[in-house]
Amino acid sequence: MAGKFFDEWTIGDRIEHEIRRTVTETDNLLFSTMTHNPQPLHLDVEAAKASEFGQILVNGTFTFALMVGLSVGDTTLGTLVANLGYDKLVMPKPVFIGDTMRATSEVTELKPSKSRPNAGIVTFTHELINQRDEVVCRCLRSALLKKRDA
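The structure displayed is predicted, hence computed values, not measured ones.

1. A look at the overall build of the protein chain
Inference 1: Of regular secondary structure, the protein chain possesses four helices and six strands.
Inference 2: Taken from the N to the C terminus, the helices and strands of the protein chain come in the order β-β-α-α-α-α-β-β-β-β.
Inference 3: Viewed in the frame of its principal axes, the protein chain has a C-alpha envelope of about 55 × 30 × 25 Å.
Inference 4: With 150 residues in all, the protein chain has 40% of them scored as buried.
Inference 5: Sequence separation of 24 or more characterises 72% of the internal contacts of the protein chain that already satisfy a separation of 6 or more.

2. Considering unusual backbone geometry
Inference 1: Its identity as a non-glycine residue notwithstanding, histidine 36 has a phi of 60°, on the positive side.
Inference 2: Within the secondary structure, histidine 36 sits in the loop between α1 (25–34) and α2 (40–43).
Inference 3: Phi at aspartate 133 is positive, roughly 60°, even though this residue is not glycine.
Inference 4: In this structure, aspartate 133 sits in the loop between β5 (119–129) and β6 (135–146).
Inference 5: By relative accessible area, aspartate 133 is classed as exposed at 57%.

3. Focus on the side chain of histidine 42
Inference 1: Mapping histidine 42 onto the fold places it in helix α2.
Inference 2: Since its relative accessible area comes to 10%, histidine 42 is described here as buried.

4. Here we look at the nonpolar core
Inference 1: Ranked by size, the top nonpolar core spans 16 residues in total, and within it Val23, Met101 and Leu128 carry the most contacts.
Inference 2: Of all the elements in the fold, those that place two or more residues in this core are α4 (60–75), β4 (100–112) and β6.
Inference 3: Excluding residues that lie within four positions of it along the chain, methionine 101 makes contacts with Ile19, Arg20, Arg21, Val23, Leu66, Leu70, Val95, Leu128, Ile129, Asn130 and Val136.
Inference 4: Listed in part, the eight residues of the second largest apolar core include Phe6, Ile15, Val107 and Phe124.

5. Here we look at the packing of aromatic side chains
Inference 1: Taken as a whole, this structure holds four aromatic pairs when the rule is applied.
Inference 2: Sitting over the face of the ring of tryptophan 9, lysine 4 holds its NZ or CZ atom 4.8 Å from the ring centroid.

6. Observations regarding α1
Inference 1: Among the residues of α1, those classed as buried are Asp27, Asn28, Phe31 and Ser32. All buried residues of α1 fall inside an arc of 115° around its axis, so they share one side. Away from the buried face of α1 by more than 90 degrees, exposed residues Glu25 and Met34 are located.
Inference 2: Those residues of α1 that are buried are in contact with β2 (21–22), α2 and α4.
Inference 3: One or two residues past the end of α1 sits histidine 36, with phi positive at roughly 60°.

Thresholds, definitions, all that
Residues numbered from 1 in each chain as written. Predicted model: local features only at pLDDT ≥ 70, side-chain atom pairs only at ≥ 80, totals over all residues. Heavy atoms only, no water. Helix = DSSP H or I, 4+ residues; strand = E, 2+ residues; numbered from the N terminus. Buried < 20%, exposed > 50% of the residue type's maximum accessible area, 1.4 Å probe, protein only. Contact = heavy atoms within 4.5 Å. Core = buried A, V, L, I, M, F, W, Y, C linked by side-chain atoms within 4.5 Å. Phe/Tyr/Trp six-rings, centres within 6.5 Å; stacked < 30°, edge-to-face > 60°. Lys NZ or Arg CZ within 6 Å of the ring centre and 35° of its normal. Arc of directions from axis to C-beta.

None of this, on its own, says anything about what the molecule does.
Written as structure tokens, this is what we have:
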């Protein structure tokens, strides 16, 4: 399913995204090094073992990016003008190597754009959920989307 236009959404629309992703050691290592994040909890097995987690903790910014990425195909692919912002980002549970993630999205607000008559702002609540059905990440995402009838 391709992304939807602004005027195709209604408040309360909810999507259980079909794509799932198991997080690998390589994902975590590459993302941490690409973003210059030297946190030992992400990169040092011995330091991670000595932590309260007892194992490598997956980089939270990877977790966030994966959540948004899993949602794009069903929400904004081909209809996005721009992401306007992310708000109320929380990570209530840790993510570990080998966890399998799935995402959900719900439309929580719709506003026609005041400056662009051919677009509107959709606010999504995105959640990332692990194989134990625990929410590991949640945020609000405001996206400026094209209107179909513009």
